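Structural description and commentary
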Amino acid sequence: MSKLKIAIQKSGRLYEESLQLLKDCGIFVNNGKDQLKVSVENFPIEIMYLRNSDIPQYLEDGIVDIAIVGENLLFEKQKNIKIIQKLGFSKCRVSLAVPKEIETDNLEYFQGKKIATSYPNTLKNFLQQNSISADIHVISGSVEIAPNIGLADGICDIVSSGSTLFKNGLRETVTLLKSEAVLAKTFQLSKDKEDILEKFLFRIKAVLKAKNSKYILMNVPNNKIEIISKTLPVLKSPTVIPLAEEGWSSIHSVINEERFWEVIDELKEKGAQDILIIPIDKMVI
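These notes cover the structure that comes with them.

The rules behind these values
- Residues numbered from 1 in each chain as written.
- Predicted model: local features only at pLDDT ≥ 70, side-chain atom pairs only at ≥ 80, totals over all residues.
- Heavy atoms only, no water.
- Helix = DSSP H or I, 4+ residues; strand = E, 2+ residues; numbered from the N terminus.
- Rg over C-alpha atoms; globule rule 2.2 N^0.38 Å.
- Buried < 20%, exposed > 50% of the residue type's maximum accessible area, 1.4 Å probe, protein only.
- Core = buried A, V, L, I, M, F, W, Y, C linked by side-chain atoms within 4.5 Å.
- Contact = heavy atoms within 4.5 Å.
- 1 Å grid on protein atoms, 1.4 Å probe; cavity = no way out; pocket = protein on both sides within 12 Å on 5 of 7 lines; lining within 4 Å.
- Points joined across faces, edges and corners; volume = space filled by probe spheres on them.
- Nonpolar A, V, L, I, M, F, W, Y, C, P; charged D, E, K, R; others polar.
- Pairing = 2+ DSSP bridges.
- Salt bridge = Lys/Arg side-chain N within 4 Å of Asp/Glu carboxyl O.
- Axes fitted to C-alpha atoms, helices over the stretch in contact; angles between N-to-C directions.
- Expected span 1.5 Å × (residues − 1).

Here we come to the overall build of the protein. Regarding its fold elements, the protein presents eight helices and 15 strands. In terms of overall dimensions, the protein is more spread out than a globule: its C-alpha atoms have a radius of gyration of 24 Å, far above the 19 Å expected for 285 residues. Overall size of the protein, expressed as C-alpha extent along the three principal axes, is 75 × 55 × 30 Å. When each of the 285 residues of the protein is scored for burial, the buried share is 46%.

A word on the nonpolar core. By size, the foremost hydrophobic cluster in this structure holds 30 residues, and its most contacted members are I6, L87, L183 and F200. Elements supplying a minimum of two residues to this core: β1 (4–9), α1 (15–24), β3 (45–50), β4 (66–70), β11 (181–185) and α6 (191–211). Of all the elements, α6 adds the most residues to this core, at seven residues. Here I6 is in contact with L22, I45, E46, I47, M48, I66, A67, I68, L183 and F200, once residues within four sequence places are set aside.

The computed volume of the largest pocket comes to approximately 700 Å³. Forming the boundary of the largest pocket are 31 residues, of which S118, Y119, S140, D157 and I158 lie nearest the centre. Within the residue set of the lining of the largest pocket, elements represented by two or more residues are α3 (71–77), β9 (154–159) and α5 (163–167). Considering each element in turn, the lining of the largest pocket owes the most residues, four residues, to α3. One number sums up the size of the second largest pocket: a volume of about 230 Å³. Among the elements of the structure, α1, β5 (82–86) and α6 are those that each provide at least two residues to the lining of the second largest pocket. Of all the elements, α1 adds the most residues to the lining of the second largest pocket, at three residues. A per-class count over the lining of the second largest pocket returns four nonpolar, four polar and five charged.

For a regular strand, side-chain orientation follows a simple rule: the groups alternate between the two sheet faces. Counting buried positions along β3 yields six of six residues, so the element is predominantly enclosed. Residues of β3 alternate between two faces, with I45, I47 and Y49 on one and E46, M48 and L50 on the opposite face, all of them buried. When β1 meets β3, the two strands line up parallel, connected through six bridges. By the bridge assignment for β3, K5 is matched with E46. As defined by bridge partners, strand β2 (residues 37–39) adjoins β3 across three bridges and the pair is classed as antiparallel. Across the sheet, residue V38 finds its bridge partner in β3, namely I47. The turn linking β2 back onto β3 is made up of five residues.

Another point: unusual backbone geometry. Backbone geometry at S142 places phi at a positive 55°, although glycine is not the residue there. Relative to the helices and strands, S142 resides in the loop between β8 (135–138) and β9. For S142, a relative accessible area of 56% puts it in the exposed group. Of note, the phi angle at D274 is positive, near 50°, even though the residue is not glycine. Tracing the backbone through its elements, the reader meets D274 in strand β15 (residues 273–279). On the basis of relative accessibility, which here comes to 54%, the residue D274 falls in the exposed class.

Scanning all chains against the criterion turns up 14 salt bridges. For K185, the salt bridge identified is with E194, shortest N-O distance 3.0 Å. Through salt bridges that share partners, R259, E262, E266 and K270 make up one connected network.

With that settled, consider the sheet that holds strand β10 (residues 170–179). In spatial order, the strands read β8-β7-β9-β6-β10; together these five strands make up an open sheet with mixed pairing. A single partner strand is all that each edge strand has here, and the edge strands are β8 and β10. In this sheet, neighbouring strand axes are inclined to one another by 25° on average, regardless of whether the strands run parallel or antiparallel.

Time to look at the environment of K205. Its location among the elements puts K205 in helix α6. Residue class for K205 comes out partly exposed when judged on its relative accessible area of 47%. When the C-alpha positions of K205 and L59 are compared, they lie 22 Å apart, and in sequence the two are 146 residues distant.

With 21 residues, α6 extends 30 Å between its outermost C-alpha atoms, agreeing within 8% with the 30 Å of an ideal straight helix rising 1.5 Å per residue. Along α6, the residues that are buried comprise K193, I196, L197, F200, L201, I204, A206, V207, L208 and A210.

In structure tokens:
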């Protein structure tokens, strides 16, 4: 039987969350960084731990079938591969930053300046689109130190919280692109591997849907059931259970995490009481 080969970063910010996603999908890995290739017993998948920068090329060549990788890396490497699912973790952005004493946020500051980066293709394309001519210095690591040692007037790098920039006397000015972890695939998948991928994607979507939703229970006067039900948009219809106390019912439903507090306020205003919120482990719709 065919096995779907998935590439995962062997170290770094994507490693732990990638393995956690597999675990949430019911795919249990018995070992980790010590082996570069691992077979999984309970699902037809084989894990390959690769250096992050190598993953796009392995995908394009069909050495691996799918990969969990950052959008920013795929944008930078410009390989012929397809993003099939955003995963919602390891969110960051590729941004320009300058020494904190520089007061302007205007992109024109970089006209004729030196910029240090480990994302030369991303930066070059962005500067060309905005008619900015700058001298790009490619650095493989520790980009933040470049302005402090006189190598550059600013940098272009990934930013998450911004704490690293702050520690190095820099501040973020312009965002080139926003990024998160994605599931990407090669264009060389066979039919049987596409079938396995479809089953894997089904599990991933069930996990992601659950993380973005909350199970909600509340007590409601019977004459408020209809109006409160219209405030609960996630499922087709809420579950209504009569209470022992006459004239009251318990309503069960699901609400979206993004609208959580907004929905709670609406429910209270419309008469809901004793509201309970419960995390959801998986959600299959």
